[in-house]
Amino acid sequence: MAAFITASHTILTDQQIIGRWQQEPAPLLPLLHAFHNRDGYLSEAALHLIAQALRIPLADLYGTVTFYHHFAREQGGQQTPRVCTGPVCCLRGGHALIAALQAQGATAMPCAGRCDEPIPVLIGNRYLVGQPDGTLVEAPTPLPVPNPGSIEECVFADIRQPGRATLAGYRASGGYTGLTRAMTQMTPMDVIDHIRDSKLAGRGGAGFPTGVKWKAVAEAVGQPKSIVCNADEGEPGCFKDRAVLDYDPFAVIEGMTIAAYATGATRGFIYLRYEYPHTLQTLETALQEAYAAGLLGRQILGQDFHFDLYVRRGAGAYICGEEGSLLNSLEGKHPFPRNRPPFPVTHGFENLPTAVNNVETLASVPQILRHEPAWYHALGLGDHVGTKVISLSGDVKRPGNYEVPFGLPLKTLLYEWAGGPLPGRIFQAVTMAGISGGFLAGEALETATIDEPSIRSKGSMLGAAGMIVFDDSRDMVAAAHNAMEFFAHESCGKCFPCRIGTQRLTERLNGAGPTDLTSWLAEVNDLSQTMKAVSACGLGVAAPLVVESLVRFFPEQVKQHVTGDSCCVIG
Ligand SMILES: Cc1cc2nc3c(=O)[nH]c(=O)nc-3n(C[C@H](O)[C@H](O)[C@H](O)COP(=O)(O)O)c2cc1C
Ligand code: SF4
């Protein structure tokens with residue numbers, strides 16, 4: 001049976017911790033977390049021990065550990081409050097909360113993936129919520145997934161069923177019928193054809209066809225093959241994967257098991273972002289249940305099919321959501337994105353064939369296996385296929401995760417499903433792809449439909465489909481500055497156009513640079529074009545969309561910012 005990250009390692013000695021994890025696949029992150037949790041920080045001694053045990057040069061290990069945001073290097077550091085300063089929490093007073101908690105050494109953390117809830121604060125592995133005046137309380141039960149009514153769903157079809165996060169509850173509402181059908185009535189290639197025919201495409205942002213990816217892994221040479229669930233969800237404004245994992249963990253586990261059966265993979269990893277400690281517990285419990293029921297491990301459903309599944313907790317780094325970076329992180333290397341080609345389907349985890357898929361993609365799979373591909377096609381509107389979960393937050397009456405049919409008018413989601421703007425306000429702008437798609441505003445909010453071609457025709461992208469709403473009370477230059485500051489903070493630094501370009505754009509959104517508009521625009525355009533042309537990964541290519549859309553939709557606010565003295569701190 002695979003081992004799990006346990007909640008506490010307080011009674012384990014150094015050698016017990018090393019012995020516990022050394023023989024596991026992808027041991028670096030769990031080893032670091034084990035010492036971090038036991039000691040409340042990562043001591044010099046712990047790093048020496050880990051470097052020795054895993055044969056990682058100490059200098060490399062230092063470089064890797066300090067790359068992540070959440071590993072404390074000072075005694076007691078793990079217990080200092082980490083306050084979310086993502087775009088929505090800034091609107092709610094995240095910076096004021098940090099100031100109020102100054103005596104406790106509070107520091108900022110990037111978006112913690114709870115944009116539909118009060119400001120999240122992490123203290124050790126405790127997740128609390130705060131008010132700008134410094135009040136902290138235990139986190140409330142997460143909001144239930146909204147159900148807008150009569151539209152048929154896929155990912156959320158059964159998520160509201162009672163007890164769905166337990167194996168019994170999951171099975172009672174149809175869970176594991178997809179895997180059973182696959183393993184008893186279909187060959188692995190039948191399963192791949194079924195998923196390909198459904199036209200399911202990746203929901204992590206890039207939209208690559210899932211069946212094509214699985215076929216490439218199935219046909220690639222090399223064993224063992226792996227399935228990796230990307231649960232890093234670091235994009236500001238995205239919190240859908242957390243909802244799926246919190247309420248429906250077995251859907252992801254079953255989806256991964258089906259993927260393993262289809263591709264011939266024998267091991268899997270769920271790479272979960274650090275900021276979801278409750279979700280980690282939910283997953284550990286679910287995995288234990290699945291192992292105990294013979295749904296993971298050896299001879300699944302009594303057949304000659306084996307699949308071991310491990311959870312690996314990240315440590316805070318947005319770039320680890322990029323698949324090459326994620327794989328390097330799993331392997332214990334510095335989490336830079338990898339050059340492509342080769343792609344993970346042939347050269348993934350440990351240079352072996354690997355399917356990396358998003359949580360939502362994998363959670364869709366069991367439902368699609370329970371139906372025929374045509375069922376999935378018909379969920380979309382018009383010519384559009386399937387559904388997408390949208391994380392909606394910001395200045396809107398009913399924020400939350402909404403599963404929408406592709407092709408739904410954006411204004412239907414904003415006004416009818418989510419209740420429209422707050423009293424006395426009107427919508428000014430909505431971000432796309434979290435913040436990576438920049439802003440949509442004006443007429444685009446009226447005419448866009450929720451599908452990639454429509455959103456792209458407006459100069460943006462749907463991506464992982466986080467949407468943050470800004471009403472007419474907001475300073476859009478300040479919102480753009482907040483977004484660009486995030487990209488500058490999270491740029492891994494591997495290539496200079498992104499490393500330097502995100503910094504220069506942040507400065508230009510914060511008062512630096514030319515004070516005549518023409519020169520300012522020329523400089524910003526030059527930076528943006530260079531970043532888009534030569535950045536090595538999606539972060540550097542997407543970041544300029546923020547400033548481009550700002551200039552396109554809000555020329556007056558830009559003019560005032562450049563030629564006047566507008567302030568750039570929101571919240
Ligand atoms: C900067 C960056 C961050 C990303 N973050 C995530 C993420 O948090 N979750 C995710 O599933 N995909 C993320 N992706 C996309 C992944 O690289 C990859 O395309 C995806 O996990 C593949 O799964 P899918 O085909 O099911 O979408 C990110 C990409 C980039 C460039
Ligand atoms: S584009 Fe940015 S995040 Fe991506 S590899 Fe280059 S420096 Fe790193």
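For clarity, every value in this text was computed on a predicted model and none was experimentally measured.

Cut-offs and rules
- Residues numbered from 1 in each chain as written.
- Chains lettered and ligands numbered in written order.
- Predicted model: local features only at pLDDT ≥ 70, side-chain atom pairs only at ≥ 80, totals over all residues.
- Heavy atoms only, no water.
- Pairing = 2+ DSSP bridges.
- Helix = DSSP H or I, 4+ residues; strand = E, 2+ residues; numbered from the N terminus.
- Axes fitted to C-alpha atoms, helices over the stretch in contact; angles between N-to-C directions.
- Near = heavy atom within 4 Å.
- Nonpolar A, V, L, I, M, F, W, Y, C, P; charged D, E, K, R; others polar.
- Salt bridge = Lys/Arg side-chain N within 4 Å of Asp/Glu carboxyl O.
- Buried < 20%, exposed > 50% of the residue type's maximum accessible area, 1.4 Å probe, protein only.
- Polar contact = N/O pair within 3.5 Å; in protein donor to acceptor, adjacent residues only side chain to side chain.
- Areas by Shrake-Rupley, 256 points an atom, 1.4 Å probe, with all protein chains shown as cover.
- Contact = heavy atoms within 4.5 Å.

Structural notes on the sheet that holds strand 2 (residues 107-109)
Then step 1. Pairing is mixed in the open sheet, where 5 strands are placed in the order 2-1-3-4-5. Of all the strands in the sheet, just strand 2 and strand 5 (136-138) have a single pairing partner and so form its edges. For this sheet, the mean angle separating the axes of adjacent strands, direction not counted, is 40°.
Then step 2. Bridge count between strand 1 (residues 82-84) and strand 3 (residues 119-123): 2 bridges; the pairing is antiparallel.

Brief notes about the site of ligand 2
Then step 1. Around ligand 2, 13 residues are found, and the nearest of them are Cys492, Lys494, Cys495, Cys498 and Cys537.
Then step 2. Within the shell around ligand 2, the residues separate by chemical class into 8 nonpolar, 4 polar and 1 charged.

Focus: the pattern of salt bridges
Once the charged atoms of two side chains with opposite charge are near each other, the side chains can pair.
Then step 1. Taken as a whole and judged by the stated rule, the model has 31 salt bridges.
Then step 2. The partner of Lys388 in a salt bridge is Glu360, with the nearest N and O atoms 2.5 Å apart. Of this pair, Lys388 sits in strand 10 (residues 387-394) while Glu360 sits in helix 16 (residues 359-370); the two residues are 28 residues apart in sequence, bridging distant segments of the chain. We note that Lys388, like Glu360, is buried.
Then step 3. Between Arg508 and Glu507 there is a salt bridge, and its shortest N-O distance comes to 3.6 Å.
Then step 4. Relative accessible area serves as the criterion here: at 13%, Arg508 is assigned to the buried category.
Then step 5. Of the residues examined, Glu507 reaches a relative accessible area of 30% and is grouped as partly exposed.

Things to note about unusual backbone geometry
Then step 1. A cis amide bond links Arg340 with the next residue in sequence, Pro341, at an omega value of -5°.
Then step 2. Locating Pro341 in the fold gives a position in the loop between helix 14 (323-330) and helix 15 (344-347).
Then step 3. A cis geometry characterises the amide bond from Pro341 onward to Pro342, with omega recorded as 0°.
Then step 4. With respect to the element layout, Pro342 can be found in the loop between helix 14 and helix 15.
Then step 5. The phi dihedral of Ala26 falls on the positive side, at around 50°, and the residue is not glycine.
Then step 6. Examined against the element boundaries, Ala26 turns out to sit in the loop between helix 1 (14-22) and helix 2 (28-39).
Then step 7. By relative accessible area, Ala26 is classed as buried at 4%.
Then step 8. A positive phi angle, near 50°, is found at Gln299, a position not held by glycine.

A short note on the site of ligand 1
Then step 1. Within the structure, ligand 1 sits among 20 residues, and Gly204, Lys213, Asn230, Asn358 and Thr361 are positioned closest to it.
Then step 2. One nitrogen or oxygen atom from the main chain of Gly204 is found 2.8 Å from an oxygen atom belonging to ligand 1.
Then step 3. The contact in question runs from an oxygen atom of ligand 1 to an N or O atom on the backbone of Glu323, over 3.0 Å.
Then step 4. The fraction of the free accessible surface of ligand 1 (600 Å²) that becomes covered by protein chains is 88%.
Then step 5. Put simply, the parts of the chain that give the shell around ligand 1 at least two residues each are strand 9 (354-358) and helix 24 (538-542).
Then step 6. In terms of residue count, strand 9 provides more of the shell around ligand 1 than any other element does, 3 residues in total.

Re helix 25 (residues 544-553)
Since the α-helix turns once every 3.6 residues, residues separated by three or four places project in the same direction.
Then step 1. Within helix 25, 7 of the 10 residues are buried, leaving the element largely enclosed by the surrounding structure.
Then step 2. Restricting attention to buried positions, one finds in helix 25 the residues Pro544, Leu545, Val546, Val547, Glu548, Ser549 and Leu550.
Then step 3. Where helix 25 is buried, its residues meet strand 14 (439-441), helix 21 (476-490), helix 22 (496-508), helix 23 (517-534), helix 24 and helix 26 (555-563).

Details of the environment of Ala165
Then step 1. The topology assignment puts Ala165 in the loop between strand 5 and helix 7 (167-172).
Then step 2. Measuring from C-alpha to C-alpha, the distance between Ala165 and Val311 comes to 17 Å, with 146 residues separating the pair along the chain.
Then step 3. Leaving out residues up to four positions away in the same chain, Ala165 has contacts with Asp246, Tyr247, Pro249, Phe250 and Glu289.

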